Amino acid sequence: MSALPVFAQSTGTATATPAASAQRPADNPLFVESTLDLRYPHFDQIQDAHFGPAFDAGMAENLREIEAIADNPEAPTFENTIIALEKSGELLSRARVIFGSLNGTDTNDARKKIDADYAPKFAAHRDAVMLNPKLFARVDTLFKSVDSLGLDAEGKRLVERYHTMFVRAGANLTEAEKEEMRRINAESAKLGTTFSQNVLNEVNDSAVVVDTVEELDGMSEAQIAAAAEEAKTRGLEGKYVITLLNTTGQPPLPQINNRELRERVHKASVARGSRGNQYDNTEVISQILKLRAERANLMGYPNQAAFILEDSTAGTVEAVNDMLGQLAPAAVANAKLEAAELQAMIDREQAAKGEPTFQLEPWDWAYYSEKVRQDKYSFDDAQLKPYFEMKNVLENGVFFAATQLYGITMKERTDLPKYHPDTWTYDVFNEDGSQLAIFIFDPYARASKRGGAWMNSYVSQSELEGTLTVTANHQNIPKPQAGQPTLLTWDEVTTMFHEFGHSLHGMFSDVKYPFFSGTSVPRDFVEFPSQVNEMWADWPSILANYAKHYQTGAPMPAELLAKVQAAAKFNQGFATTEYLGSAMLDQYLHQLPADQLPDGSEVMATEAAALKAAGLDYAPVPPRYRTPYFSHINGGYAAGYYAYIWSEVLDANTVQWIEQNGGLTRENGDRFRSTLLSRGGSKDAKQLFLDFTGHEPQIEPLLIKRGLAPDPKAAAN
Ligand SMILES: [Zn+2]
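On a predicted model such as this, the values are computed, not experimentally measured, just so you know.

*Asks:* Is there a simple way to explain the nonpolar core in this structure?
*Replies:* Residues Phe388 and Tyr546 are the most contacted members of the largest nonpolar core, which totals 138 residues. It is helix α13 (residues 317-353) that provides the largest number of residues to this core, a total of 13 residues. In terms of nonpolar packing, the next biggest core, distinct from the first, is built from 28 residues, Val97, Tyr118, Phe122 and Ile440 among them.

Structure follows, in structure tokens:
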């Protein structure tokens, strides 16, 4: 996931009016531009109590700026309207960007309260700007005469995108409709905060308590020690606690030999948010969906998906349904073939033990697929892990690949303040030694961090503001006990490459206007560059540089490496099916008209019916996220979770192009950087893809990659 700006993230240096400076308390670091390199935030000085006053003053200051632009007696010009908007909201943006990131990566009660208090205020503030009729009239005037303004392509596109943003926020509505819009936005904001706080509380509250160490048979010593430690932290000394992640699947399931415990862990995972406790999200999501449908109707669309998809590269509901519909049967058929292998393994093992066999259940999948993988490819994750020590993967894998492709280099620095001790900070340099960016690496899971992996920018590049990028990558890697190395799974390794792909998109940004900076691209395009960067994780010369034993430094044996590559398509039926289950649910719920949306009590039944209707109700493979803990559809991926597979089509085409044109070379890196990564949102997204590959996207490379179509390369050998 990548955190996208929701509004122009001006980080500029616009000087404050005297009235505003008079209110600026000297001891609140958020009120002034950071003096650290690249405006890196003063994490050491920022306290939670600083956010509220900065938000209040920031909104007031921004409203004064907006009024000044709207009431300007001069006729609207690009400079006095669009550029003035780009430069406005400096204090508010700075405070919100920092708060948003800290609240996501390390929340606490104070931050949760600020989030809940300010979500509706921010929604109201945005409406005050976007629904200001005088302001929109100026933007509209410029839009209608955009060809005669003497602008270059980027300036012209800026006017057009501002106009679209205002229209889509409701600027063309009647005053009565605007009032309705304000109510919907305020309620949605409140509910959105409740939803995400419930998700985090449920993950922590649903951890599985285990009484005896015998039940943990199969887990590593380090995992058992971590479970004992977690129990101690929770006042359950002598017991063991298995913590959960926010996906349906849970990391210890492949290892747990005790089938009852596997079942308990799985059931605790899938029950989250629909257990009828104080964190139940079914009623919350029902109300959110109804409000979105109402808003879509107000805007003249039949449903939320139609509204969202109009402004995506996919363009229409039909295009997305068509794509998901094409993939679903092939994915499920593949998953069923995999299941047959797992069932055969269960039957064989039970017979060998002289015990009756049983039917494959969801909590058995990870466990037996690990066994089948060992059987087929004779290796398991535990064999790989010693070759993937975290910092080594980062510096000699992820960074090394970027150096080979783009000539950039990274150097750790320890003088900058941190918001959490478990973070690392790096300077990023261009080939000529000049500074390109600052990068923060924040890998570990903690109870205060939201689930998943994501990238965010604290400062975004733009020529207008004279800024470069300060970016961060977040993951949820279990932290080992003190003194133990952090050894990664293959999944965690590729995720690290993925998130750094987002960061490269941010760092290489070379645009004039903040509006277009870095990852400010359509949702179904933003995952594309990050997915392309995953291709280097197992590129032979990159892998050889980082896959080294953490104790001996010995390279990963060539035969193990070959097995890893041979196993690349293993379990893809499962992975594609669980993903499509969620992607389809997201579309289903957002394509229903308002009067057909489920009440809270019907949400889970609707989910089951939707999966059945799409042919994705295959019991052993539940959706990757069930509705009550599907954070993506609460955040910016509503009607947009399909974006991952949509982006993957572009990704697979691009990987194919690179492979056919020399692979890992500086030339290819520079081409990707100059035609695509540096352009941000300053050009039409699909055009960026065409600029790089020179052809329309084709679906075949994705089908081959996912094992859904035969690989011509494999057939030739
Ligand atoms: Zn991503």
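Past the structure itself, the notes keep going.
*Asks:* Any chance you could explain the environment of glutamate 700 here in plain terms?
*Replies:* Within the secondary structure, glutamate 700 is located in helix α27 (residues 700-705). What makes glutamate 700 partly exposed here is its relative accessible area of 46%.

*Asks:* Before we go on, may I ask you to explain the pattern of salt bridges in this structure?
*Replies:* Side chains that differ in sign of charge can pair as their charged atoms come close. Scanning the entire structure with this criterion turns up 47 salt bridges. Glutamate 349 is the salt-bridge partner of lysine 371, the closest N and O atoms lying 2.8 Å from each other. Here glutamate 349 lies in helix α13 and lysine 371 lies in helix α14 (residues 362-377), a separation of 22 residues in the sequence. With a shortest N-O distance of 2.9 Å, arginine 413 and aspartate 415 are connected by a salt bridge. A relative accessible area of 13% places arginine 413 in the buried class. On the basis of relative accessibility, which here comes to 56%, the residue aspartate 415 falls in the exposed class.

*Asks:* How should I be thinking about the layout of surface pockets in this particular structure?
*Replies:* Over the atoms a probe the size of a water molecule is rolled, and this reveals where empty space is left. Looking at the second largest pocket, its volume works out to about 300 Å³. Looking at the second largest pocket, it is lined by 15 residues, and the ones nearest its centre are Met323, Trp646, Val649, Leu650 and Pro697. Broken down by secondary-structure element, the contributors of at least two residues to the lining of the second largest pocket are α13, α24 (643-660) and α26 (685-693). Per-element accounting of the lining of the second largest pocket gives the leading share, 4 residues, to α13. Split into classes, the residues belonging to the lining of the second largest pocket amount to 9 nonpolar, 3 polar and 3 charged.

*Asks:* Got a minute to help me understand helix α16 (residues 390-406) in this structure?
*Replies:* Think of an α-helix as turning once every 3.6 residues; residues three or four places apart then point the same way. For α16, built from 17 residues, the straight-helix expectation of 24 Å at 1.5 Å per residue is met to within 8% by its first-to-last C-alpha distance of 22 Å. The sharpest bend along α16 reaches about 30° and sits at phenylalanine 400. For α16, the full list of buried residues reads Met390, Asn392, Val393, Leu394, Gly397, Val398, Phe399, Ala401, Ala402, Leu405 and Tyr406. Structurally, the start of α16 carries an N-cap: the backbone nitrogen of lysine 391 is 3.3 Å from a side-chain oxygen of glutamate 389. The first or second residue beyond α16 is glycine 407, which carries a positive phi of 75°.

*Asks:* I would appreciate a short explanation of the UniProt feature "domain: Peptidase M3A/M3B catalytic" (unreviewed entry) in the protein in the present structure.
*Replies:* Annotation from UniProt places "domain: Peptidase M3A/M3B catalytic" (unreviewed entry) at residues 256-706. As annotated, residues 256-706 comprises 52% helix and 8% strand, and the C-alpha atoms at either end are separated by 28 Å.

*Asks:* Sorry if this is basic, but what is going on with the sheet that holds strand β7 (residues 469-477) here?
*Replies:* Pairing between the strands of a sheet is mediated by backbone hydrogen bonds and can be parallel or antiparallel. With respect to topology, 5 strands assemble into an open sheet ordered β3-β4-β5-β7-β6, the strand pairing being mixed. Edge positions in the sheet fall to β3 (409-412) and β6 (454-459), since each of these pairs with one other strand and no more. Here the average twist between neighbouring strands, direction ignored, is 25°. With 5 bridges joining them, β6 and β7 adopt antiparallel strand pairing. Bridge pairing in β7 places asparagine 456 opposite alanine 472. The sheet contacts of helix α4 (residues 90-105) involve β5 (435-444), β6 and β7, and relative to β6 the element is tilted by about 150°.

*Asks:* What is the right way to read unusual backbone geometry from this model?
*Replies:* Even without being a glycine, arginine 39 presents a positive backbone phi close to 65°. Residue placement: arginine 39 occurs in the loop between α1 (18-22) and α2 (51-70). Exposure remark for arginine 39: the relative accessible area of 17% places this residue in the buried category. Despite not being glycine, alanine 639 shows a phi value in the positive range, around 55°. The topology assignment puts alanine 639 in the loop between α23 (631-634) and α24.

*Asks:* Help me understand the side chain of threonine 282, please; the structure alone is not making it clear to me.
*Replies:* Of note, threonine 282 is situated in helix α11 (residues 282-298). Among residues more than four places away in sequence, those in contact with threonine 282 are Gly273, Ser274, Gly600, Val603, Met604 and Pro628.

*Asks:* Looking at this structure, how should I read the side chain of threonine 606?
*Replies:* Its place among the elements puts threonine 606 in helix α22 (residues 603-613). Once residues lying within four places of it in the same chain are set aside, the contact partners of threonine 606 are Tyr588, Leu589 and Pro598.

*Asks:* For this particular structure, what's the right way to read the pairing of strand β4 (residues 424-429)?
*Replies:* Side-chain direction in a regular strand flips from residue to residue, so the side chains alternate between the two faces of the sheet. Most of β4 sits out of view: 5 of its 6 residues are buried. Note: β4 against β5, 6 bridges, orientation antiparallel. When the sheet's bridge partners are listed, tyrosine 426 is paired in β5 with phenylalanine 439. What sits between β4 and β5 in their antiparallel hairpin is a turn of 5 residues, with glycine 433 showing a positive phi close to 90°.

Cut-off values and rules
Residues numbered from 1 in each chain as written. Predicted model: local features only at pLDDT ≥ 70, side-chain atom pairs only at ≥ 80, totals over all residues. Heavy atoms only, no water. Core = buried A, V, L, I, M, F, W, Y, C linked by side-chain atoms within 4.5 Å. Buried < 20%, exposed > 50% of the residue type's maximum accessible area, 1.4 Å probe, protein only. Helix = DSSP H or I, 4+ residues; strand = E, 2+ residues; numbered from the N terminus. Salt bridge = Lys/Arg side-chain N within 4 Å of Asp/Glu carboxyl O. 1 Å grid on protein atoms, 1.4 Å probe; cavity = no way out; pocket = protein on both sides within 12 Å on 5 of 7 lines; lining within 4 Å. Points joined across faces, edges and corners; volume = space filled by probe spheres on them. Nonpolar A, V, L, I, M, F, W, Y, C, P; charged D, E, K, R; others polar. Expected span 1.5 Å × (residues − 1). Bend = angle between axes of the 7 residues up to and from the residue. Polar contact = N/O pair within 3.5 Å; in protein donor to acceptor, adjacent residues only side chain to side chain. UniProt positions renumbered as here; feature names shortened; annotations may be inferred. Pairing = 2+ DSSP bridges. Axes fitted to C-alpha atoms, helices over the stretch in contact; angles between N-to-C directions. Contact = heavy atoms within 4.5 Å.

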